[in-house]
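Inside the fold
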Amino acid sequence: MEQTLSPLLTLIDATWDMASRYIAKHHDREWMPQFVAETATGERTVFLTPWRDEADKVATLLMLGLTFRAKGIKRYVLSSEAWMAKDVGEPSANFVMPSKRPDRMEVLQCIGVDPEAGEIMQYHAPIIRVGKRRKVGERNVAPYACFSGRMTELLGPVALRPVN
């Protein structure tokens, strides 16, 4: 029996294209964290999420989960600029957030989730600065098993199946 992807691949690709074009065109502006959410009928809504701190993020995610359920959202993609550590290494008790590390790099990341289909996808790429210009480097695809938690469970737990 052949398995096919849900419409999540189309949604994450469209979100990635939109974000990477914005970063290349607007060198002096950050890409605001946002969710592109889709219903079963393909209706899409964009939710801008300009959180300033952890309390904002917690409140925003709580409201998004409620809103997603009320609107009948089936899948969504979070896109944001983020910090990523270059040298991940082994997990340790001395964990330091990537934003506080000297080996950090700026990235564009998109995390797509379709809980009913059991799919989580993630793209990321470095944001390269050349003088005052910015561009998005080569896109990487991370394995789905790397992601769990509040960003991926806005619609409830995901029964994972490999998709990338």
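Residues numbered from 1 in each chain as written. Predicted model: local features only at pLDDT ≥ 70, side-chain atom pairs only at ≥ 80, totals over all residues. Heavy atoms only, no water.

**A short note on the pattern of salt bridges**
Stated precisely, the cut-off is as follows: Basic side-chain nitrogens of Lys or Arg form a salt bridge, by our definition, when they fall within 4 Å of a carboxyl oxygen of Asp or Glu. Think of it in three bands: residues with accessible area under 20% of the maximum for their type are buried, residues over 50% are exposed, and the middle band is partly exposed, with areas taken using a 1.4 Å probe on protein chains only. In this description a helix means any DSSP run of H or I spanning at least four residues, a strand means any run of E spanning at least two, and both kinds are numbered starting from the N terminus.
Under the counting rule described, the total for this entry stands at ten salt bridges. Ionic pairing is found between Asp56 and Arg52, a salt bridge with its closest N-O pair at 2.9 Å. Given the relative accessible area of 72%, Arg52 is considered exposed. For Arg134, the salt bridge is made with Glu81, and the minimal N-O distance between the two is 3.2 Å. Taken as a pair, Arg134 in strand S6 (residues 133–136) and Glu81 in strand S3 (residues 73–85) lie far apart in primary sequence, 53 residues in all. Judged by its relative accessible area of 3%, Arg134 falls in the buried class. The buried category is assigned to Glu81, whose relative accessible area is 13%.

**Observations regarding the environment of Lys57**
This is how the line gets drawn: Any two residues having at least one pair of non-hydrogen atoms within 4.5 Å are treated as being in contact.
Looking at the secondary structure, you find Lys57 in helix H2 (residues 54–71). By relative accessible area, Lys57 is classed as buried at 18%. When neighbours within four sequence positions are excluded, Lys57 is seen to be in contact with Trp51, Arg150 and Met151.

**Looking at helix H1 (residues 8–25)**
Put simply, the test is: By this rule the span expected of a helix is its residue count minus one, scaled by 1.5 Å. Taken from the helix axis, the directions to the C-beta atoms give the arc we talk about.
Between its terminal C-alpha atoms H1 stretches 26 Å, which fits the 26 Å expected from 18 residues at 1.5 Å a residue. Listed as buried for H1 are Leu8, Leu11, Ile12, Thr15, Trp16, Ala19, Ser20 and Ile23. Take H1 and look down its axis: the buried residues cluster within an arc of 150 degrees, on one side only. H1 presents Arg21 and Lys25 as exposed residues on the side facing more than 90 degrees away from its buried surface. Those residues of H1 that are buried are in contact with strand S1 (34–39), strand S2 (44–48), S3, strand S4 (104–114), strand S5 (119–130) and S6.

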